[in-house]
Amino acid sequence: SSKAVVDHWVATRGVSSRNWGRLEKAMAHRIWFCAWAAAEAFYLPGLAPMEYNQGEGVEMKVNKLTSAKTQLPYSYYHLAFCEPEGGAKPAVTENLGEQMMGDVIETSAYKIKMLEDKPCEMLCKKTLKKEEKDRFRNMIADEYLVNWIVDNLPATTRYRQTGSDDKFTNGILVGLPQNGKYFLHNHVTLELHFHSNPDVYVGYRIVGFEVEPRSSTPKDGQPDCSEKPTPFDLDSSDEVMFSYTVSWKESDVRWASRWDAYLKVQGQGQIHWFAILNSLLILVFLSGMVAMILLRTLHRDIATYNQVPTEEEAKEETGWKLVHGDVFRKPNYSTFLSVMAGSGMQLLGMSVVTLIFALLGFLSPAQRGSLLQSMMLLFTLMGVLGGYTAARLCKVFDGDEGRWKTTTMLQAFLVPGLFFGIFFLLNLCIWGQKSSGAVPFTTLFAILVLWFGVSVPLVFFGAYTGFRKDRIELPVRTNQIPRAIPEQPCYMQPLATSLVGGILPFGAVFTELFFIMSSIWNHEFYYLFGFLSLVLLIVLITCAEISIALTYFQLTSEDYRWWWTSFSASGSSGIYVFLYSVMYFNSRLQIRHWVSVLMYFGYMAIMSCIFGLISGAVGFYSTFTFVRGIYGSIKID
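(A) Summary view of the overall build of the protein chain. A count of helices and strands for the protein chain gives 18 helices and 15 strands. Taking all 637 residues of the protein chain together, 47% fall into the buried category. Nonlocal contacts in the protein chain, meaning residues at least 24 apart in sequence, comprise 81% of its contacts between residues at least 6 apart. Of the roughly 33000 Å² that the protein chain leaves accessible, carbon and sulfur atoms contribute 60%.

This is the structure in structure tokens:
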């Protein structure tokens, strides 16, 4: 054994026990030092830093052209920009998330060297054809942005504001329309910020990348790089000259903090804090009030029901105890309910694990596409959880002879198939516009492999495990003959209670939803995962309490059809999310192209379904536990 080897080594070398103890301590200290050094060398979030020597080449890459007006990205060389010698080539291999977002990262003609300023450099001259000019005009009118990357940092444009902090926007405008004319930004000043620390590392690290675009008309066949050049009108000449200026500026910003300027909530940080705090206080108060009412009322009901009733009291008995023989009666469309609840738990598992990884810094914006790719992979793996929960619920409804094959098949194909069908139709429309946002068929094939090769077998494995488990024990037996349900007032009808119940979960997520939608549709970075985790916790608690409260009121009115109510009471919040997306579309966006409108509402429908399924599943399982608990605490004759 290893201990015998150590003892032999100590004995043969004459090391005393006291010296051996010191040696052990020294070895332990070295191990801890190595572990600490390894931890210090691991950067979160982001990638490992890269040091450049003076005069070393710094590669600038170009990414897609984006617009908040059309939401249709195009490759950089879709416009007649200057290409590098030998033509543009892919700079990196995009991951699954980048391909689905339409990223096309390619090489550029710009030549940059570390710490070498270039006051005025001509890039190339281009003679534009009529169709190339028309393309420039259309993209300037649609406010398309150019996206560049240096050392994995995206280019930003700084807008200086008097009396407040400067505002940063991602990307550079292709040009500006003014008085019926189109002015092309054919000159750019590339301002690169670097940081050095000779005591820690050798070389220089890039910590900032700002671009100042200008429209400039050449003078005497040479580019005009002055601060106030004559703007270049596209209609004034068929020949356009592209030029650039490079300037290096030392910065105190460390490499680990270089993303701070990108991740600031632009101009709305305080509003975000106050809105979150306000929602939290209101919802904590409402949740506490609902919990107090239920606890006090339930305590009185259970104490009353457990007393030995007189003959007259037994005749006049009312409330939720009367429906004990029907409360666990199988609902209509029970298989569909099992699938909806299982899909909700699958999506909840995906969301929670994604948030945990994001909070730990593994899904930083420096790793483009990592968030979307992780969500897809986790949804695939969470098929085990979806199949397991759907199977357990199906066994509650139908026992050992339940429709387990139908339930498992629907769990594997219904919700994923719906999402994939919407995505595929939207992708065909985007492909018809020749946009880089169209997902290649090879990527679609990879998604299908993930679905059929990984997700479906995991769903079947989870369902098999769930059906092998014993049936969840119910506290009361179900009568053979259903009890008559008294006529209910209009406000206690399932549709009314569902619509009322969905307001509170939507109110909990309302503020954060605005920031999430702004980041998606206005192409901004979102990294407020701490806020999002807090909001998710609030939403989960709210969904559980509102479903329990409405189900309790329904049972006290002697209506035992609570299964679907418990799901839809909180799940209807997805309807409010979609209605909010309609309001956001009309008030915040300027999308007019029919493909862009279709894409917006298609993806928002998927998001609303996801939110509705998650909140509905949480409300359903919370209510199921609650109903089992209250009927297990009373005496049934």
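(B) Up close: the packing of helix α8 (residues 334-359) against helix α15 (residues 529-556). Two elements in contact, α8 and α15, have axes whose closest approach is 10 Å; the angle formed by their N-to-C orientations is 150°. In terms of orientation, α8 and α15 fall into the roughly antiparallel class. Remark: the crossing between α8 and α15 carries left-handed chirality. Across the interface between the two elements, L348, V352, L355, A358 and L359 of α8 pack against F529, G530, L532, S533, L536 and L540 of α15. Taken together, the residues that form the contact of α8 with α15 break down as nine nonpolar, two polar and no charged.

(C) Expanded view of the pairing of strand β11 (residues 175-178). The sheet contact formed by β11 and strand β12 (residues 181-184) spans four bridges and is antiparallel. In the sheet register, Q178 faces β12, and the bridge partner there is K181. In textbook terms, the turn of a hairpin is the stretch between consecutive antiparallel strands, and for β11 and β12 this stretch comprises two residues, one of which, N179, has a positive phi near 55°.

(D) Expanded view of helix α11 (residues 404-432). Between its first and last C-alpha, α11 extends 42 Å over 29 residues, near the 42 Å set by a 1.5 Å rise per residue. Of all the bends in α11, the greatest measures close to 35° and is centred on L410. Buried residues of α11: T407, T408, Q411, A412, V415, P416, F419, F420, F423, L426, N427 and I430, and no others. On its buried face, α11 is in contact with α3 (96-100), α8, α9 (370-381), α10 (383-398), α12 (441-468) and α18 (594-632). Phi turns positive, to about 55°, at K434, one or two residues after α11.

(E) Structural detail: helix α4 (residues 130-141). For α4, spanning 12 residues, the distance from its first C-alpha to its last is 16 Å, which sits close to the expected 16 Å at 1.5 Å a residue. Of all the positions in α4, only K133, F136, R137, M139 and I140 are classed as buried. Its buried side turned inward, α4 meets β2 (60-66), β11, β12 and β15 (239-250). Phi turns positive, to about 55°, at E143, one or two residues after α4.

(F) Main features of the state of the cysteines. Summed over the entire model, instances satisfying the criterion amount to two disulfides. Paired through a disulfide, C82 and C124 show a sulfur-sulfur distance of 1.7 Å. Judged by the sign of its S-S torsion, about -75°, the cystine formed by C82 and C124 is left-handed. Of this pair, C82 sits in the loop between β2 and α3 while C124 sits in strand β5 (residues 118-127), and the two are 42 residues apart along the sequence.

(G) Representation of the confidence of the model for the protein chain within the structure. For the protein chain, the mean per-residue pLDDT works out to 85, and 85% of the residues sit at or above 70. A low-confidence stretch, residues 1-46 (pLDDT under 50), is modelled with 20 contacts involving residues beyond four sequence positions or located in other chains. Every residue in residues 312-317 is under pLDDT 50, and counting partners more than four places away or in other chains gives two contacts.

(H) Spotlight on the packing of aromatic side chains. Enumeration according to the criterion identifies 42 aromatic pairs in this entry. The interplanar angle of 15° and the centroid separation of 4.6 Å between the aromatic rings of Y76 and F81 together place this pair among those described as stacked. For the pair Y76 and F81, a shared accessibility class is recorded, and that class is buried. Aromatic side chains F514 and F515 sit 5.5 Å apart centroid to centroid with 85° between the ring planes, which places their arrangement in the edge-to-face category. Accessibility expressed as a relative area gives 16% for F514, which makes it buried. A relative accessible area of 10% means that F515 is categorised as buried. Through a chain of ring-to-ring contacts, three or more aromatic side chains come together here, namely F328, F397, W562, W563, F620, Y621, F624 and Y631.

(I) Region of interest: the environment of A508. With respect to the helices and strands, A508 occurs in helix α14 (residues 503-521). Look at A508 and you get buried, because its relative accessible area is 4%. C-alpha separation for the pair A508 and I276, spaced 232 residues apart in sequence, amounts to 8.8 Å. Among all residues touching A508, those that are not within four sequence positions of it are L283, V535, I538, V539 and T542.

(J) The arrangement of the pattern of salt bridges in detail. According to the stated counting rule, one finds 15 salt bridges in the structure shown. One salt bridge connects K64 with D103, and the closest N-O pair in it is separated by 2.9 Å. Taken together, the residues span a long stretch of sequence, with K64 in strand β2 and D103 in the loop between α3 and β3 (106-107) at a distance of 39 residues. By relative accessible area, which is 13% here, K64 ends up buried. Overlapping salt bridges bring together K130, D134, R137 and D235 as one network.

The rules behind each value
Residues numbered from 1 in each chain as written. Predicted model: local features only at pLDDT ≥ 70, side-chain atom pairs only at ≥ 80, totals over all residues. Heavy atoms only, no water. Helix = DSSP H or I, 4+ residues; strand = E, 2+ residues; numbered from the N terminus. Buried < 20%, exposed > 50% of the residue type's maximum accessible area, 1.4 Å probe, protein only. Contact = heavy atoms within 4.5 Å. Areas by Shrake-Rupley, 256 points an atom, 1.4 Å probe, with all protein chains shown as cover. Axes fitted to C-alpha atoms, helices over the stretch in contact; angles between N-to-C directions. Parallel < 35°, antiparallel > 145°, perpendicular 65-115°, else oblique. Left-handed = near helix turned anticlockwise from the far one by under 90°. Nonpolar A, V, L, I, M, F, W, Y, C, P; charged D, E, K, R; others polar. Pairing = 2+ DSSP bridges. Expected span 1.5 Å × (residues − 1). Bend = angle between axes of the 7 residues up to and from the residue. Disulfide = S-S within 2.5 Å. pLDDT = per-residue confidence, 0-100. Phe/Tyr/Trp six-rings, centres within 6.5 Å; stacked < 30°, edge-to-face > 60°. Salt bridge = Lys/Arg side-chain N within 4 Å of Asp/Glu carboxyl O.

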